[in-house]
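In case you want the letters, here they are:
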Amino acid sequence: MVAIKQGLEYCSGALEVIATLIVACSRVRVMLKSKSAAEVVEALKFITQAVNFSLRGSIQLYFKAADLIFHADKAIVTESKNAFKNIFLMHGDGMLPAKEIADNLMEVLGQC
């Protein structure tokens, strides 16, 4: 009985996290269009984490924001470059294997 209760609490918690992430993704879309560089930078950081956790729809959100690499604000450009590097080239502190990087770059080219 205790195990069932713990399982239900775990599932309930997971559903709360999913609901929070869904709300967060819609807010991130708004933040990407903000006039505040700090909000745009935070949105890019969130997207990077969402992609790395394979959150559904996050890679599409990244590709919609990819043109920020040409933004006039240096902080936004820097974070755009960091996002690209951390999504397509790195895993943690190390580089991805060459084949995985090549596959990732082919995915990027497919979006062009």
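Residues numbered from 1 in each chain as written. Predicted model: local features only at pLDDT ≥ 70, side-chain atom pairs only at ≥ 80, totals over all residues. Heavy atoms only, no water.

Structurally, the position occupied by Glu-79 is in helix H4 (residues 74-89). Despite being buried, Glu-79 has no salt bridge partner; Lys-45 is the closest side chain of opposite charge, sitting 4.5 Å away. Once residues lying within four places of it in the same chain are set aside, the contact partners of Glu-79 are Val-41, Leu-44 and Lys-45. (Helix = DSSP H or I, 4+ residues; strand = E, 2+ residues; numbered from the N terminus. Buried < 20%, exposed > 50% of the residue type's maximum accessible area, 1.4 Å probe, protein only. Lys, Arg positive; Asp, Glu negative; His and termini not counted. Salt bridge = Lys/Arg side-chain N within 4 Å of Asp/Glu carboxyl O. Contact = heavy atoms within 4.5 Å.)

Bringing the nonpolar core into the picture now. Counting 23 residues, the largest nonpolar core has Leu-32, Leu-44, Ile-47, Tyr-62, Leu-68 and Phe-88 as the members making the most contacts within it. Breaking this core down by element, the ones donating at least two residues are helix H1 (2-32), helix H2 (37-52), helix H3 (58-65), H4 and helix H5 (98-111). Per element, the largest residue contribution to this core is six residues, and it comes from H2. The residues touching Ile-47, leaving out its near neighbours within four places in the chain, are Val-28, Leu-32, Ser-58, Leu-61 and Tyr-62. (Core = buried A, V, L, I, M, F, W, Y, C linked by side-chain atoms within 4.5 Å.)

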